Amino acid sequence: MRIGIIGAGQLGQMLGFAARELGHECFYLDPSEAPPAARVGPVVQAAFDDRVALSILAEKCDVLTYEFENVPVEALDDIGDTIPISPPLDALRLAQDRLTEKQLFERLDIPLPGYHVVDSEGDLRAAADSIGLPLVVKTRRMGYDGKGQFVIRTEDQIATAWRDLGGQPLIAEQWVEFDYEVSAIGVRGRDGEVATYCLTHNEHAEGILRTSRAPVDEPELTAKGTRYLARMLEDLDYVGVLALELFVVGENLLANEFAPRVHNSGHWTIEGAQTSQFANHILAVTGGDLGATANIGHAGMINLIGEIPDAVRRLDEGVLHDYGKSARPGRKLGHITFVAESAADRDARIAAIRRSVS
Ligand code: AMP
């Protein structure tokens, strides 16, 4: 099949590699020059909401998908009756606004941190009164990797937070003293078949994912996370991979956000699961049967941000994925994955590699 992918970053590149192995061809739409996925297939260089470029892509391809959630939904709505688009645009629409995302969690009985809608400095003060401090203020739209966020710890920071972020729709959220963060990643096929991966333990710094480890050896949390994920996949009549990010607090999971796409915290599945998230996304959107999601051993994934140190290139263990991007502070340039026989062995290797990365 010919698969059109909106966005040609590293997720598009890894989707393209998986598609090629499955005998499909990928075509991309992306405004940047020489994006990572240009290695895998032709890229129409245009803005994501360029109607002409989108209809060219739709004409060339049998199905369309996307690699990031800030694709303008209105532009896709216009071509939605000419070509199947997966994941469904309703899921994309809900994920683009933190308020509708939280309302979805509430409707599906998925626990989440307390929150308050903020449209004025007065709302922010009311949020501090009702939720308590600390709290985190987030822009409702276009936030990613911790951007567009302000943590308010004392009352005198309220005015500064409003000065920094005010004037756009905001949400204030209870600051959660979580034990750790996990993601639940799953996939749903066109025929409604659902497959889920084991829970992944994620560590962030400055809002950016640094390290993922799988599996999380907590059967009850895993069962809970899988239930929440399955509820979302069914409710949204979803097709493709979905990632749900959660905070672990004791026995409980609180939903932070979801991504209607393949996710950085699932990169370990390339080497660490029987079928990767990328292959399963392609299988789902092309109407194929899903592949097995069981993990193989204990996987560790370390993001390479800002630079790929020579010491990492010289490692004789693990698999280095270099996206071919030019170096820039804070930019995700690649990742390294390895699979160990025990969790202790994996953690020791992560610690050793982290020393060369930071
Ligand atoms: P987000 O962009 O919402 O995924 O936030 C990025 C990261 O900031 C998360 O992965 C957490 O590490 C942290 N964070 C976001 N919201 C909260 C919260 N309500 N309580 C504690 N930490 C948070």
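Residues numbered from 1 in each chain as written. Predicted model: local features only at pLDDT ≥ 70, side-chain atom pairs only at ≥ 80, totals over all residues. Heavy atoms only, no water.

1. Regarding the site of the ligand
Working step 1: The immediate surroundings of the ligand are formed by 15 residues, with Lys138, Glu173, Val176, Glu181 and Glu257 found nearest.
Working step 2: Here Val176 contributes a backbone N or O atom positioned 2.8 Å from a nitrogen atom of the ligand.
Working step 3: Note that an oxygen atom of the ligand is positioned 2.7 Å from one of the side-chain N or O atoms of Glu257.
Working step 4: Compared with its free state, where it exposes 470 Å², the ligand has 93% of that area covered by protein.
Working step 5: Broken down by secondary-structure element, the contributors of at least two residues to the shell around the ligand are strand E6 (135-139), strand E8 (170-174) and strand E14 (252-259).
Working step 6: In the shell around the ligand, the residues fall into 5 nonpolar, 5 polar and 5 charged.
Working step 7: Shared between two domains, the shell around the ligand holds at least three residues of each, these being domain 2 (114-174) and domain 3 (180-357). (Near = heavy atom within 4 Å. Polar contact = N/O pair within 3.5 Å; in protein donor to acceptor, adjacent residues only side chain to side chain. Areas by Shrake-Rupley, 256 points an atom, 1.4 Å probe, with all protein chains shown as cover. Helix = DSSP H or I, 4+ residues; strand = E, 2+ residues; numbered from the N terminus. Nonpolar A, V, L, I, M, F, W, Y, C, P; charged D, E, K, R; others polar. Domains from an automatic or database assignment.)

2. Things to note about the side chain of Asn280
Working step 1: In this fold, Asn280 is placed in helix H10 (residues 277-285).
Working step 2: If sequence neighbours within four positions are ignored, Asn280 has contacts with Val187, Tyr197, Thr275, Leu290, Gly291 and Thr293. (Contact = heavy atoms within 4.5 Å.)

3. Let's talk about the nonpolar core
Working step 1: If you look at the biggest cluster of nonpolar residues, it comprises 34 residues, and the most contacted ones within it are Ile3, Tyr28, Trp268 and Phe278.
Working step 2: Counting residues per element, this core draws most heavily on helix H1 (residues 10-21), at 5 residues.
Working step 3: Split by domain, the residues of this core number at least three in each of domain 1 (2-85) and domain 3 (180-357).
Working step 4: Aside from chain neighbours lying at most four places away, what touches Phe278 is Leu11, Met14, Leu15, Ala18, Val262, His267 and Ile270.
Working step 5: Among the nonpolar cores identified, the runner-up in size contains 26 residues, and Leu104, Ile110, Leu112 and Leu199 belong to it. (Core = buried A, V, L, I, M, F, W, Y, C linked by side-chain atoms within 4.5 Å. Buried < 20%, exposed > 50% of the residue type's maximum accessible area, 1.4 Å probe, protein only.)

4. Side note on the domain arrangement of the protein
Working step 1: Assigned domains within the protein: domain 1 (2-85), domain 2 (114-174) and domain 3 (180-357).
Working step 2: The distance between the C-alpha centroids of domain 1 and domain 2 comes to 35 Å.

5. Topic: the pattern of salt bridges
Working step 1: Summed over the entire model, instances satisfying the criterion amount to 20 salt bridges.
Working step 2: The partner of Glu203 in a salt bridge is Arg213, and the shortest N-O contact between them spans 2.8 Å. Of this pair, Glu203 sits in strand E11 (residues 200-205) while Arg213 sits in strand E12 (residues 208-214); the two residues are 10 residues apart in sequence, bridging distant segments of the chain.
Working step 3: A residue is classified by how much of its surface remains accessible, and Glu203, at 29% relative accessible area, is partly exposed.
Working step 4: For the salt bridge of Asp347 with Arg213, the shortest nitrogen-to-oxygen distance reads 2.7 Å. Of this pair, Asp347 sits in helix H12 (residues 343-357) while Arg213 sits in strand E12, and the two are 134 residues apart along the sequence.
Working step 5: Judged by its relative accessible area of 30%, Asp347 is partly exposed.
Working step 6: Linked through salt bridges whose partners overlap, the residues forming this network are Glu203, Arg213, Arg346 and Asp347. (Salt bridge = Lys/Arg side-chain N within 4 Å of Asp/Glu carboxyl O.)

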